[in-house]
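Spelled out from the first residue to the last, the chains are:
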Amino acid sequence: MTQSHKLLEEWSNRYNGLLQKVARAFSTSDRADLLQEMLLQLWRSIPQFKGHCKESTWVYRVAFYTALQWNRKNRCHRTEPLDEGQLAATDSPEDPRLEQIYRAIRQLKTIDRTLVLLSLEQHSYQEISEITGLTVSNVGVRLKRAKDSLLERVKGESRE
Amino acid sequence: MNNLQEIWQSQSCPSPVSQAMLKLVTAHQKNLRRTILSRDILEWSVSLLLAYNCLRGSYSHPSHQTTFLLCGCLSLFPMSYLSWRTWRIPEKPPMGDLPLVDSFRLSLNWLKEQVALLRAVGWWYILPLGLVAYLLGPFYFQQPTVLAVQRVGCLFLFWFVHRINQKAALELEEHRQQLQVVVEEMSRTE
């Protein structure tokens, strides 16, 4: 097993939750394909990883980079389709409100989705700014608007 | 929002990514690299073979030496040009040490380059090879009917090459526009 393969395995275990959340927030029917694409891009990025930034920041950036560009029709690294069932398996039943949140997130603009996800993962404005490249004040303004929009949509979802 | 945060944090951890998926991903990447490498080797070999034949032709037809030498250069032009453009703006894997907006800018530059390359395939690929086929045809096919068939065949082939490249350019252009929107959105200060 090569060093890269070991690192990919390590990252995929450590950041599995994050990768699956991003895949779910950016895609519905082809979630497994997006997850696979994120792993592929992580694998491709490993030789460039020199430890200049935190490992988690690296994984976040690659995951969001892939998700924001995700376009099933234009994928150039098309791989074999995977079984969605592989992803849904969890030990405990899911809170039904969680799917409402995901649905609401998917309705947001792609940038807002990124900001909201990072915020829900409890990252500070500073960290979000580092990952995305937006200024801290810009993150604040956008995130405020994105959160309002999310809450409105979640309320709308609950009423339905 | 706090309520949402609580629900979000209570998410149970999904099952880990399977070994099978990891193997699939790494194997796919290796296959992709192999495919790209073998395609480049094949295209360079064809170009070199063509150039070598032209060089030989320049010795066997001393009165048409200039034509053969010109065709030799023309047959090397498409691959040289393509390699130069690819070297100038190479496709980079996602750069985790750059903020997202900068990675997107790099990606956008690469896409612009690819679209331009595909759109201009007529002059850097079809024109030089078309000229080679046109100039060398009479030396290899003396009968007018056979020569005509060769020219029609070449026309059809080049039309096909042009068409698939334009189709690919259209698809990439669509992707480029989407990426442009993302970059503009991210670059906007509020």
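Scroll up to find the structure.
Residues numbered from 1 in each chain as written. Chains lettered and ligands numbered in written order. Predicted model: local features only at pLDDT ≥ 70, side-chain atom pairs only at ≥ 80, totals over all residues. Heavy atoms only, no water.

Asker: Before we move on, can you summarise the packing of aromatic side chains with the specific residues and values?
Answerer: All names here are of chain B. A complete count under the given rule lists 14 aromatic pairs over all chains for this structure. Ring centres of Phe 156 and Trp 159 lie 5.7 Å apart, and the angle between their planes is 35 degrees; this geometry places the pair in the tilted category. In this pair, Phe 156 and Trp 159 both sit in helix H6 (residues 144-187), three residues apart, roughly one turn of the helix. When its relative accessible area of 48% is taken as the criterion, Trp 159 is described as partly exposed. One aromatic cluster is present, formed by Phe 77, Tyr 81, Trp 84, Trp 123, Trp 124 and Tyr 125 through successive ring pairs. Taking the ring centre of Trp 84 as reference, the NZ or CZ of Arg 88 above it sits at 5.0 Å. (Phe/Tyr/Trp six-rings, centres within 6.5 Å; stacked < 30°, edge-to-face > 60°. Helix = DSSP H or I, 4+ residues; strand = E, 2+ residues; numbered from the N terminus. Buried < 20%, exposed > 50% of the residue type's maximum accessible area, 1.4 Å probe, protein only. Lys NZ or Arg CZ within 6 Å of the ring centre and 35° of its normal.)

Asker: Would you mind going over the layout of surface pockets in detail, with residue names and values included?
Answerer: The method is simple in principle: a probe with the dimensions of a water molecule rolls over the atoms, and the space it marks as empty is what remains. Residue and element names in this part refer to chain B. Roughly 320 Å³ of volume is contained in the second largest pocket. Taken together, 15 residues make up the lining of the second largest pocket; nearest its centre are Leu 50, Val 132, Ala 133, Leu 136 and Gln 150. Secondary-structure elements contributing two or more residues to the lining of the second largest pocket are helix H2 (19-60), helix H5 (121-140) and H6. Partitioning the lining of the second largest pocket into residue classes produces 12 nonpolar, three polar and no charged. (1 Å grid on protein atoms, 1.4 Å probe; cavity = no way out; pocket = protein on both sides within 12 Å on 5 of 7 lines; lining within 4 Å. Points joined across faces, edges and corners; volume = space filled by probe spheres on them. Nonpolar A, V, L, I, M, F, W, Y, C, P; charged D, E, K, R; others polar.)

Asker: Please set out the interface of chain A and chain B residue by residue, giving values where relevant.
Answerer: Between chain A and chain B, the contact holds 68 residues from the first and 50 residues from the second. Taken over both partners, the interface formed by chain A and chain B buries close to 5700 Å², and the fraction arising from carbon and sulfur atoms is 62%. Linking Glu 185 of chain B and Lys 109 of chain A is a salt bridge whose minimum nitrogen-to-oxygen distance equals 3.3 Å. Among the elements that make up the side of chain A that touches chain B, the one with the highest residue count is helix H3 (residues 31-45) of chain A (nine residues). The residue inventory of the side of chain A that touches chain B, partitioned by class, reads 28 nonpolar, 25 polar and 15 charged. (Contact = heavy atoms within 4.5 Å. Buried area = accessible area lost by both parts, 1.4 Å probe. Salt bridge = Lys/Arg side-chain N within 4 Å of Asp/Glu carboxyl O.)

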